[in-house]
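Coordinate analysis (summary)
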Amino acid sequence: MKDELIDYCLRLGDSSLILSHRIAEYCSKAPILEEDLAITNVGLDLLGQAENFLNYAAKLKGNTTADILTFKRREGDFRCLHLVQTPNTDFAYILARQFLMDSYHQILFNKLLNSKDETISGISKKAIKEVNYHLDRSSDWIKRLGLGTKESNDRIQNAINNLWMYTDELFTDNSTDLSMEKNKISPLSSNLKKEWSELVVKTLRDSEIEVPKDVFYSLKYGKDGFHTEYLGYILAEMQHLPLLYPDATW
Amino acid sequence: MENERKLEEFQQKIDANIKIEPKDWMPEKYRQTLIRQISQHAHSEIIGMQPEGNWLTRAPSLRAKKILMAKIQDEAGHGLYLYCAAETLGVKREQFLQWLHEGKAKYSSVFNYPTLTWADMGAVGWLVDGAAIVNQVSLQGTSYGPYSRAMVKICMEESFHQRQGFEIMVQLAKGTEEQKQMAQDALNRWWWPSIMMFGPHDSESAHSNQSLKWKIKRESNDELRQRYINKTIEQGQHLGLTFPDPNLKFNEETKNYDYSPIDWDEFWNVVKGNGPGNKLRINHHIKAHEDGKWVREAAKAYSKKINLSKKIA
Ligand SMILES: [Fe+2]
Ligand SMILES: [Fe+2]
Ligand SMILES: [Fe+2]
């Protein structure tokens, strides 16, 4: 069970870490200055969540740290979801990705408040306040873009269409999910689907964005250690200093 | 004459250290000077996000990444306060940005230098924010109310930035041989640009006298520069690094550090935007602004619709 718990913490930690990294890439590129501030806020919260989950994973593993896990782990040992790895194609993609993840995080962290694992419920308790704000913000933007102009509606529709397949992974159970559920640490991923769909479908419909059809996307997912081609580049950039100077501390 | 009487009253207020507020009468030249200076300051905060953002995805520890991200966010916040302060003078932010993009408005040339290694995140925080603080602390006493209040808010955060930058320098200076070299190299590259941030010598400065009389500026370029140098050398002595100036020496008579003549050719070259740095920074800003146009239009259209439906309901 311990291995699965570590695996689960890595999934949560890595997903927040990589999403935060994508936000960091977007630094100083937002449409207005207020959004630069707001999105960086989200990025900082996610980085904090990542740190918490990775600290816990490191403690469970023993003989390692959150920094070592972040900067010296090989790609195949990362457990982040495919959705967070997708690139910052434009503001619509960034926003759509954020909205899909925020809504997932809100439902997940609410459930994790009741986790039998006190560290996980503790981290979730702090995270849920942040995530509520994140979801408010991204839902607002979904509405603005959906109902704004013809161009903005087209763009956000297109982004939602193209990212939709990645949501498949969010609700697919693997052996870690089964073990977490059995030990009352988390619900099955598949159990989150209904609530998530209701939430997301409502916001999209209210914003005049069509809900894409579900597709069965892949047999191999980020949470199993099989990644998109994007992740390698993210890690190459993120890890380059600690790998180049292995004896240094930072 | 009416105007002369007003001008006299205005100067009396300034001399009595009464702040000038947006609705108060002010000489047109006072307004223009402030518009130029505050917007230039705002642009500096915003353009300054780029050289630091350049290392955000490569910060070598979670802690370092968090601190850098929060710092860049602070700078965006500073830009926002300052644009708001500048807008009280009757110019809209969109106009300020247009002037920036057209090259009519300037920003601190120090941000045209590239950030080449992680040590630059230390040197920029320690030296560039350090120089900015000296200037901004002095500007807390500026005569224009909104500008003065913005400076008070900003200064608290700037001193964090400076300390965090110095912390990176300490860590590198005490680290491996390679880290130490990295720190020395960053000090070598950022020392002179940070000194030049205070602008030309008082004898060469185009705007200084009137600005001092109106208390837009409170101290001269050279006074501020000297304070910065004194303060920074004291801090730097503990690092075990060498400042790139063989003539730095404490002068017992003046109680100041003497320093070598400044390379004004380099200064004016960078101010005029020669070299790739200036184009890179401005093009980055223009691109982000243009990429965001459809988003701003959508937000505007949406809020119109919402207001309309509120009126109907
Ligand atoms: Fe600054
Ligand atoms: Fe600042
Ligand atoms: Fe700063």
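So, here's what we can say about the structure. Per chain, residue numbering runs from 1 following the sequence as it is written. Chains and ligands are labelled sequentially in the order written, the chains with letters from A and the ligands with numbers from 1. Reporting in this predicted model follows two pLDDT cut-offs: at least 70 for local features of residues, and 80 or more for side-chain atom pairs to be given and counted; totals over whole chains, interfaces and linings ignore these cut-offs and use all residues. Side-chain calculation: all heavy atoms of the structure are included, whereas hydrogens and water are not.

1. Comments concerning the coordination of the iron ion (ligand 2)
Residues and elements named next belong to chain B. Quick reminder of the rule: As a rule, N, O and S atoms within 2.8 Å of a metal are its donors, except that Na, K and Ca use 3.2 Å; water is not among the atoms, so sites may look incomplete. Only DSSP runs of H or I covering at least 4 residues are called helices, and only runs of E covering at least 2 are called strands; the numbering of each starts at the N terminus. The buried label goes to any residue with under 20% of its type's maximum accessible area, the exposed label to any with over 50%, and the partly exposed label to all in between, with areas taken from a 1.4 Å probe on protein chains only.
At 2.0 to 2.1 Å from the iron ion (ligand 2) lie its protein donor atoms, namely Glu 45 (OE), Glu 75 (OE), His 78 (ND1) and Glu 158 (OE). Binding-site remark: the iron ion (ligand 2) is held by donors from one chain whose sequence spacing is E-x29-E-x2-H-x79-E. Between the iron ion (ligand 2) and the iron ion (ligand 1), a separation of 2.8 Å is found. On the criterion of sequence distance, the pair formed by His 78 in helix H4 (residues 62–87) and Glu 158 in helix H7 (residues 145–173) is long-range, its members being 80 residues apart. Exposure class is identical for His 78 and Glu 158. Each is buried.

2. Regarding the layout of surface pockets
Worth spelling out the cut-off: Residues are said to line a cavity or pocket when one of their atoms sits within 4 Å of a point; the points come from a 1 Å grid over protein atoms alone, cavities being sets where a 1.4 Å probe fits but cannot get out and pockets being open sets with protein on both sides within 12 Å along at least five of seven lines. Grid points are joined across faces, edges and corners, and a volume is the space filled by probe spheres set on the points. For this classification, the nonpolar set comprises Ala, Val, Leu, Ile, Met, Phe, Trp, Tyr, Cys and Pro, the charged set comprises Asp, Glu, Lys and Arg, and every other residue, Gly included, is treated as polar.
Empty space within the second largest pocket amounts to approximately 650 Å³. Lining the second largest pocket are 27 residues, and of these Pro 31, Ile 32 and Leu 33 of chain A together with His 289 and Arg 296 of chain B sit closest to its centre. For the lining of the second largest pocket, the secondary-structure elements that each account for two or more residues are helix H2 (33–61) and helix H6 (118–147) of chain A together with helix H3 (49–53), helix H5 (93–101), helix H12 (276–291) and helix H13 (293–312) of chain B. Looking at the lining of the second largest pocket element by element, the count peaks at six residues for H13 of chain B. A class-by-class count of the residues in the lining of the second largest pocket yields 12 nonpolar, five polar and 10 charged.

3. Looking at empty space enclosed by the protein
Per the stated rule, a full pass over the model turns up two cavities of 30 Å³ or more. Size it by volume and the largest cavity reaches roughly 60 Å³. Lining the largest cavity, in full, are Ile 23, Ala 24, Tyr 26, Cys 27, Ser 28, Asp 36, Ile 39 and Thr 40 of chain A together with Leu 56, Met 69 and Ile 72 of chain B. Ranked by residues supplied to the lining of the largest cavity, first place goes to H2 of chain A with three residues. Split into classes, the residues belonging to the lining of the largest cavity amount to eight nonpolar, two polar and one charged. Put simply, the second largest cavity is a space of about 40 Å³. Counting only elements with at least two residues in the lining of the second largest cavity, the list comes to helix H1 (2–25) and helix H5 (91–112) of chain A. By residue number, the principal contributor to the lining of the second largest cavity is H1 of chain A, which donates three residues. In terms of residue class, the lining of the second largest cavity is built from six nonpolar, two polar and two charged.

4. A few points about the side chain of His 82 of chain A
Residue and element names in this part refer to chain A. Selection rule: Polar contact is the term for a pair of N or O atoms within 3.5 Å; when the atoms are in protein, one must be able to donate a hydrogen and the other to accept it, and sequence-neighboring residues count only if both atoms are side-chain atoms. Whether two residues are in contact is decided by their heavy atoms, any of which lying within 4.5 Å being enough.
Its place among the elements puts His 82 in helix H4 (residues 82–85). Judged by relative accessible area, which is 4%, His 82 ranks as buried. Among the polar contacts listed, one links the side chain of His 82 to the backbone nitrogen of Gly 222, at a separation of 3.0 Å. In this structure, His 82 is in contact with Tyr 166, Glu 169, Tyr 217, Lys 220, Tyr 221, Gly 222, Phe 226, His 227 and Thr 228, ignoring residues within four places of it in sequence.

5. Observations concerning the interface of chain A and chain B
Stated formally: The term buried area refers to how much accessible surface (probe radius 1.4 Å) is lost by two components on association, counted for both of them together. Think of a salt bridge as a Lys or Arg side-chain nitrogen and an Asp or Glu carboxyl oxygen that are within 4 Å of each other.
Taken together, the 49 residues of chain A in the interface contact 43 residues of chain B. Across the chain A to chain B interface the summed buried area is about 4,100 Å²; carbon plus sulfur atoms make up 72%. Of all residues in chain A, Leu 33, Leu 37 and Trp 250 of chain A bury the most surface against chain B, accounting for 17% of the area lost on that side. Linking chain A with chain B are two salt bridges. Across the salt bridge formed by Glu 34 of chain A and Arg 93 of chain B, the nearest N and O atoms sit 2.5 Å from each other. Taken together, chain A and chain B are joined by 12 residue pairs in polar contact (both at pLDDT 80 or more). Elements with a minimum of two residues in the side of chain A that touches chain B: H1, H2, helix H3 (66–71), H5, H6, helix H7 (150–163), helix H11 (229–238) and helix H12 (240–244) of chain A. The leading source of residues in the side of chain A that touches chain B is H2 of chain A, at 10 residues. Across the side of chain A that touches chain B, the residue classes break down as 24 nonpolar, 12 polar and 13 charged.

6. Regarding the coordination of the iron ion (ligand 3)
All names here are of chain B. Note the threshold: Donor angles set the geometry label: tetrahedral for four donors if every angle is between 85 and 135 degrees, square planar for four and octahedral for six if opposite donors exceed 155 degrees and the others are between 65 and 115, irregular for anything else.
Within the protein, the atoms that donate to the iron ion (ligand 3) are Glu 75 (OE), Asp 129 (OD), Glu 158 (OE) and His 161 (ND1), at distances of 1.9 to 2.2 Å. Taken together, the four donor atoms coordinating the iron ion (ligand 3) span angles of 87 to 157° at the metal, a pattern that classifies the geometry as irregular. Site description for the iron ion (ligand 3): donor spacing in sequence, E-x53-D-x28-E-x2-H.

7. Re the packing of H5 of chain A against H7 of chain A
Residues and elements named next belong to chain A. Worth spelling out the cut-off: Working convention: axes come from line fits to C-alpha atoms, limited for helices to the stretch in contact. Angles between N-to-C directions cover 0 to 180 degrees. Each angle is binned into one of four classes, with values under 35 degrees roughly parallel, values over 145 roughly antiparallel, values of 65 to 115 roughly perpendicular, and all other values oblique. Crossings are assigned a handedness: left-handed for a near helix turned anticlockwise from the far helix by less than a right angle, right-handed for a clockwise turn.
Close contact between H5 and H7 brings their axes to 8 Å; oriented N to C, the two are set at 55°. In terms of axis orientation, H5 runs oblique to H7. Note on packing geometry: the crossing formed by H5 with H7 is right-handed. Counting all contacts with H5, which are made through Ala 92, Tyr 93, Ala 96, Arg 97 and Leu 100, the residues of H7 involved are Arg 155, Ile 156, Asn 158, Ala 159, Ile 160, Asn 162 and Leu 163. Across the contact of H5 with H7, the residue classes tally to eight nonpolar, two polar and two charged.

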